[in-house]
Amino acid sequence: MGSSPYAHPLPSPSTHAGREGLAALIDRPDKAVVALDFDGTLAEIVPDPERARAHPDAVPALARLAPKVASVAVVTGRPAGVAVRYGGFAGVPGLDHLVVLGHYGSERWDAVTGTVHTPAPHPGVAAVRAELPGVLDSVGAWHGTWVEEKGQAVAVHTRRAADPAAAFEALRAPLSALAARHGLILEPGRMVLELRPPGMDKGVALAEYVREVGAAAVLYAGDDLGDLPAYAAVEKLRSDGVPGLLVCSGSTEVTELADRADLLLPGPASVVHFLAALAERL
């Protein structure tokens with residue numbers, strides 16, 4: 001039997017549109033954008049978000065891939081500077097032009113300058129931050145929940161609660177009301193509820209960046225509900241004639257992405273191995 005010319009063969013997407021997207025990326029990598037979520041995609045989900053770090057093989061894989069494509073972008077709900085630190089992306093040869101779109105695209109870090117561009121904070125975030133302890137206490141969800149300060153947003157994590165799913169559901173309505181009172185929106189995720197300003201999401205950020213680069217193909221990989229707008233953006237780009245590949249970093253907690261993805265991968269380790277195989281193929 002003959003052997004593959006590649007040490008790490010690429011998995012085949014399960015859909016026709018996905019196969020077209022991957023083929024377009026391989027055919028013209030210099031016109032392709034590879035966009036990736038951070039938590040759950042490049043980094044494992046952990047009980048304490050401050051301990052999340054990129055998979056050990058993520059930076060080497062990205063450093064091999066980035067010089068071969070038009071651009072690599074990390075699109076995350078985290079502050080851009082935090083994603084850069086937790087990812088270990090700064091000062092890496094090969095990642096000289098990496099872009100991190102943080103806070104769902106409202107912040108931007110460019111490796112070429114090493115600086116973060118960020119808007120003025122929404123006044124509703126400070127108001128929510130002040131009221132949040134009382135809301136958590138009134139719901140009886142103070143113990144076991146963890147509040148993450150994100151600068152442009154505030155997130156309440158329930159993964160460490162005695163019953164994470166029950167705490168999540170108990171908090172959804174009161175936090176939604178709190179967000180609405182102060183002009184914010186509530187973004188649910190994997191055992192996390194984030195209160196953040198409206199008007200920007202990963203779909204808007206991705207579409208704007210693809211236009212900026214002038215990409216002729218796009219790959220997006222994500223794992224959570226916040227990635228659905230980016231999926232929708234890729235689907236819109238496809239309808240406009242720009243091939244795209246949707247990758248899901250598999251999760252039993254979130255099935256909405258898996259139902260729409262072209263390629264299912266079990267988690268960050270598999271995503272990173274896929275990126276390495278793609279770099280090798282290119």
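Everything that follows concerns the structure shown earlier in this document.
Predicted, not measured: the structure shown is a model, and the values here were computed from it.

## Section: the packing of helix α6 (residues 202-213) against helix α7 (residues 228-239)
Here comes step 1: Taken N-terminus to C-terminus, the directions of α6 and α7 make an angle of 40°; their axes are 6 Å apart at the nearest point. Relative to α7, α6 is oriented oblique. Seen along the crossing, α6 lies across α7 with a hand that is right-handed. Contacts between α6 and α7 involve Lys202, Gly203, Leu206, Ala207 and Val210 from the first element and Pro229, Ala230, Ala233, Val234 and Leu237 from the second.
Here comes step 2: Of the residues assigned to the contact of α6 with α7, the class counts are eight nonpolar, one polar and one charged.

## As for the nonpolar core
Here comes step 1: Membership of the largest hydrophobic core comes to 46 residues, with the highest contact counts inside it found for Phe89, Leu219 and Leu275.
Here comes step 2: The greatest single-element share of this core, amounting to eight residues, is contributed by helix α9 (residues 268-281).
Here comes step 3: For Phe89, the contacting residues outside a window of four places in its chain are Phe38, Leu42, Val59, Leu62, Val74, Ala83, Val84, Leu95, Leu98, Val100 and Trp109.
Here comes step 4: Judged by nonpolar contacts, the second largest core, of 26 residues, contains Ala35, Val99, Leu206 and Tyr231.

## What about the pairing of strand β11 (residues 244-249)?
Here comes step 1: Counting buried positions over the six residues of β11 gives six, a clear majority of the element.
Here comes step 2: With burial as the criterion, each face of β11 is covered, one bearing Gly244, Leu246 and Cys248 and the other bearing Leu245, Val247 and Ser249.
Here comes step 3: Where strand β10 (residues 217-222) lies against β11, five bridges are found, and the strand directions are parallel. When the bridges of β11 are listed, Ala221 appears paired with Val247.
Here comes step 4: Read from β10 through α7 to β11, the crossover connection turns out right-handed.

## Comments concerning the packing of aromatic side chains
The geometry of an aromatic ring pair comes down to the distance between the two centres and the angle between the two planes.
Here comes step 1: Taken as a whole, this structure holds two aromatic pairs when the rule is applied.
Here comes step 2: Between Phe38 and Phe89 the ring centres are 6.2 Å apart and the planes differ by 85°, which places this aromatic pair in the edge-to-face class. On the criterion of sequence distance, the pair formed by Phe38 in the loop between β1 (32-36) and α2 (58-65) and Phe89 in the loop between α3 (80-87) and β3 (99-102) is long-range, its members being 51 residues apart. With respect to burial, Phe38 and Phe89 carry one shared label: buried.
Here comes step 3: Their ring planes at 85° and their centres at 6.4 Å tell us that Tyr220 and Tyr231 sit as a pair that is edge-to-face. Here Tyr220 is found in strand β10, whereas its partner Tyr231 is found in helix α7, with 11 residues between them in sequence. Residue Tyr220 shares its accessibility class with Tyr231, and that shared class is buried.

## With respect to α7
Here comes step 1: Over its 12 residues, α7 runs 17 Å from end to end, which matches the ideal 16 Å to within 8%, given 1.5 Å per residue.
Here comes step 2: Among the residues making up α7, those that are buried are Leu228, Ala230, Tyr231, Ala233, Val234 and Leu237.
Here comes step 3: For α7, the elements touching its buried residues are α6, β10, β11 and α8 (256-260).
Here comes step 4: Directly after α7, the chain includes Gly241, whose backbone phi takes a positive value near 95°.

## Regarding the sheet that holds strand β7 (residues 154-157)
Here comes step 1: Taken in spatial order, the four strands line up as β6-β7-β9-β8 in an open sheet, and their pairing is antiparallel. Looking at which strands have only one partner, the edges of the open sheet turn out to be β6 (146-149) and β8 (185-188). On average, each strand axis in the sheet is tilted by 20° relative to the strand beside it, whichever way the strands run.
Here comes step 2: Sheet analysis places β8 next to strand β9 (residues 192-196), joined by four bridges and oriented antiparallel. In the sheet register, Ile185 faces β9, and the bridge partner there is Arg196.
Here comes step 3: Docked against the sheet, helix α4 (residues 123-139) engages β6, β7 and β9, running at close to 25° with respect to β7.

## Considerations on the sheet that holds β1
One key point about sheets: their strands pair by backbone hydrogen bonds, in either a parallel or an antiparallel sense.
Here comes step 1: One open sheet holds the eight strands; their spatial order is β5-β4-β3-β2-β1-β10-β11-β12, and the pairing between them is mixed. The open sheet has two free edges, formed respectively by β5 (115-117) and β12 (263-265), since each of these has just one partner strand. With strand direction ignored, the average angle separating the axes of adjacent strands in the sheet is 20°.
Here comes step 2: With four bridges joining them, β3 and strand β4 (residues 107-110) adopt antiparallel strand pairing. Counted as the bridge partner of Gly102 is Glu107 from β4.
Here comes step 3: The strands touched by α6 are β1, β2 (71-75), β3, β4 and β10; relative to β2, the strand with the most contacts, the crossing angle is about 165°.

What counts as what
Residues numbered from 1 in each chain as written. Predicted model: local features only at pLDDT ≥ 70, side-chain atom pairs only at ≥ 80, totals over all residues. Heavy atoms only, no water. Axes fitted to C-alpha atoms, helices over the stretch in contact; angles between N-to-C directions. Helix = DSSP H or I, 4+ residues; strand = E, 2+ residues; numbered from the N terminus. Parallel < 35°, antiparallel > 145°, perpendicular 65-115°, else oblique. Left-handed = near helix turned anticlockwise from the far one by under 90°. Contact = heavy atoms within 4.5 Å. Nonpolar A, V, L, I, M, F, W, Y, C, P; charged D, E, K, R; others polar. Core = buried A, V, L, I, M, F, W, Y, C linked by side-chain atoms within 4.5 Å. Buried < 20%, exposed > 50% of the residue type's maximum accessible area, 1.4 Å probe, protein only. Pairing = 2+ DSSP bridges. Right-handed = clockwise from strand over helix to strand, strands pointing away. Phe/Tyr/Trp six-rings, centres within 6.5 Å; stacked < 30°, edge-to-face > 60°. Expected span 1.5 Å × (residues − 1).

Read these as layout, nothing more, since geometry by itself doesn't imply function.
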